[in-house]
Amino acid sequence: MELLVGLFDSGVGGLTVLRRVTERHPHSRCLYLGDTARVPYGSRSPEEIRQIAAEVVRWLRAEEVGVLVMACNTCNALALDVAVSEAAVPVLGLIDSVATVIKSDRVGVLATPATAASGAYRRAIHASRPMAVVTEVGCPEFVGLIEAGHRDSDVLRRVAQAYLAPLLAAEVDMVVLGCSHYPLLRPLLTELLPAGVELVDPALAVVERLGPLLGSLGESPEVERRTELVLPLQQRSRLCVTGCPDTFAAGAEDWLGHRPAVEHVDLRTAARAF
Ligand code: DGL
């Protein structure tokens, strides 16, 4: 049995999670939805985010995903319960996965305004390190700039310096990339932070939990799989968007290493299915 792994985000950011999934589980088949018609999520109200999460997860369910990986921290922070109840399949979260990789008591979190305001990362880190000082910074400008193709522009540098200032003042030695768009800024953030500050991508922790989950759902262990069955990412992953496919394909290229085929979809088809 080959399960379809579903992932979603507001835009290209969740591709950073998709890539981790396909690197670590090269046999997996994935369905990715970028809800680009509604990006950014992170400046919306909790009610809107929960409504959006319900619609998107309903669509993924209609497409028969067998497991759902939250590739959007904002939906993870504000609507994990919604995703769990709509998905009807196991759901893996980014935020509860991060605790396993935090090895410091001075932790910074860069996230969308909605995620930072929710305190979800602080709670997840305190669950395993109650003494940790967690400095969470909401970064309203990052997602718009990343979706517009910025990776190292003057304006991006200026906003990044402002967002990093509270983390430098708190002398953090780990910084969680608490929005799936932010791994795309890793080179810039590494340059702007003091040497020795570690950037943590929660997706790396999620993919470690995915293998055992797939195994428990009946997937054969990876070691027993034949290597000739490993397909390139573009043949294993179906990428769909609610906005413009060409814009998404162009934005995806630098992270995936190729320009992917992208389909436009209408989420209302799922509303009719249930
Ligand atoms: N990449 C998403 C996240 O991890 C959403 C960002 C946004 O649309 O604001 O939070």
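Keep in mind that what you see is a predicted model, and the values were worked out from it rather than measured.

Undergrad: Hey, could you go over the state of the cysteines for me, with residue numbers and the actual values?
TA: In this structure the tally under the stated criterion is zero disulfides. For Cys75, which is in no disulfide, the shortest distance to another cysteine sulfur is to Cys72 and amounts to 3.8 Å. Unpaired in terms of disulfides, Cys179 finds its nearest cysteine sulfur in Cys72, a separation of 7.1 Å.

Undergrad: Go over the nonpolar core, please, and point to the residues and values.
TA: Residues Leu7, Phe8, Leu15, Leu68, Leu110 and Phe142 are the most contacted members of the largest nonpolar core, which totals 100 residues. In terms of residue count, the dominant contributor to this core is helix α2 (residues 46-62) (eight residues). Ignoring anything within four residues of it in the chain, the contact list for Phe142 reads Leu156, Val159, Ala160, Tyr163, Tyr182, Leu185 and Leu189.

Undergrad: Tell me about the sheet that holds strand β8 (residues 198-200), and name the residues and values.
TA: Strands sit in the order β6-β5-β7-β8 across an open sheet of four strands; the sheet is parallel. Every interior strand has two partners, whereas the edge strands, β6 (133-138) and β8, have only one. Across the sheet, the mean angle separating the axes of adjacent strands is 25° when strand polarity is ignored. Taken together, the four bridges between strand β5 (residues 106-111) and strand β7 (residues 174-177) define a ladder with parallel strand orientation. Paired with Val107 across the strands is Met174, a residue of β7. Packing against the sheet, helix α8 (residues 154-169) makes contact with β5, β6 and β7, and its axis sits at approximately 170° to β6.

Undergrad: With reference to specific residues and values, describe the sheet that holds strand β10 (residues 262-264).
TA: If you walk across this open sheet you meet the six strands as β4-β3-β1-β2-β9-β10, and the pairing is parallel. Among the strands making up the open sheet, the edge pair consists of β4 (91-92) and β10. Looking at chain direction, strand β3 (residues 67-70) and β4 are connected through two bridges and run parallel. Within β4, the residue paired with Val69 across the bridge is Leu92.

Undergrad: So, unusual backbone geometry: which residues are in play, and what are the values?
TA: A cis amide bond links Val39 with the next residue in sequence, Pro40, at an omega value of 0°. Note that Pro40 resides in the loop between β2 (29-34) and α2. Residues other than glycine seldom take positive phi values, yet Glu64 does so here, at roughly 65°. Along the chain, the position of Glu64 falls in the loop between α2 and β3. For Glu64, a relative accessible area of 65% gives the class exposed. Positive phi is not limited to glycine here, since Ala88 has a value of about 60°. Its location among the elements puts Ala88 in the loop between α3 (73-87) and β4.

Undergrad: Hey, could you go over the environment of Glu171 for me, with residue numbers and the actual values?
TA: Tracing the backbone shows Glu171 in the loop between α8 and β7. Between the C-alpha atoms of Glu171 and Ile146, which are 25 residues apart in sequence, the distance is 26 Å.

Undergrad: I'd like a rundown of the pairing of β5, residues and numbers included.
TA: For β5, the buried fraction is high: five of the six residues fall into the buried class. Here β5 runs beside β6; their pairing, made up of six bridges, is parallel. Counterpart to Val107 in the pairing with β6 is Val134.

Undergrad: Which residues make up the site of the ligand, and what are the values?
TA: For the ligand, the set of nearby residues contains 14 residues, the closest of which are Ser10, Tyr41, Gly42, Thr74 and His181. Within the contact set of the ligand, a nitrogen atom lies 2.9 Å away from a side-chain nitrogen or oxygen of Asp9. For the ligand, whose accessible area on its own is 300 Å², the fraction buried by protein is 99%. The pocket occupied by the ligand, as judged from atoms lying within 2 Å of grid points, is the largest cavity. Looking at side-chain class alone, the shell around the ligand contains six nonpolar, seven polar and one charged residues.

Undergrad: Before we move on, can you summarise α2 with the specific residues and values?
TA: Think of an α-helix as 3.6 residues a turn; residues three or four steps apart then line up on the same face. Its 17 residues place the ends of α2 24 Å apart at the C-alpha level, agreeing with the 24 Å of an ideal helix rising 1.5 Å per residue. Those residues of α2 not exposed but buried are Ile49, Ile52, Ala53, Ala54, Val56, Val57, Trp59 and Leu60. Trailing α2 by a residue or two, Glu64 shows a phi angle of about 65°, which is positive.

Undergrad: I'd like to hear about empty space enclosed by the protein, residue by residue, with values.
TA: For the structure on display, the rule yields two cavities of 30 Å³ or more. Looking at the largest cavity, its volume works out to about 80 Å³. Taken together, 13 residues make up the lining of the largest cavity; nearest its centre are Asp9, Ser10, Thr74, Thr112 and Cys179. By volume, the second largest cavity is sized at about 40 Å³. If you trace the second largest cavity, you find it lined by Pro40, Gly42, Ser43, Thr112, Pro113, Cys139, Pro140 and Val143. Split into classes, the residues belonging to the lining of the second largest cavity amount to five nonpolar, three polar and no charged.

What counts, and at which threshold
Residues numbered from 1 in each chain as written. Predicted model: local features only at pLDDT ≥ 70, side-chain atom pairs only at ≥ 80, totals over all residues. Heavy atoms only, no water. Disulfide = S-S within 2.5 Å. Core = buried A, V, L, I, M, F, W, Y, C linked by side-chain atoms within 4.5 Å. Buried < 20%, exposed > 50% of the residue type's maximum accessible area, 1.4 Å probe, protein only. Helix = DSSP H or I, 4+ residues; strand = E, 2+ residues; numbered from the N terminus. Contact = heavy atoms within 4.5 Å. Pairing = 2+ DSSP bridges. Axes fitted to C-alpha atoms, helices over the stretch in contact; angles between N-to-C directions. Near = heavy atom within 4 Å. Polar contact = N/O pair within 3.5 Å; in protein donor to acceptor, adjacent residues only side chain to side chain. Areas by Shrake-Rupley, 256 points an atom, 1.4 Å probe, with all protein chains shown as cover. 1 Å grid on protein atoms, 1.4 Å probe; cavity = no way out; pocket = protein on both sides within 12 Å on 5 of 7 lines; lining within 4 Å. Sits in = over half its atoms within 2 Å of the grid points. Nonpolar A, V, L, I, M, F, W, Y, C, P; charged D, E, K, R; others polar. Expected span 1.5 Å × (residues − 1). Points joined across faces, edges and corners; volume = space filled by probe spheres on them.

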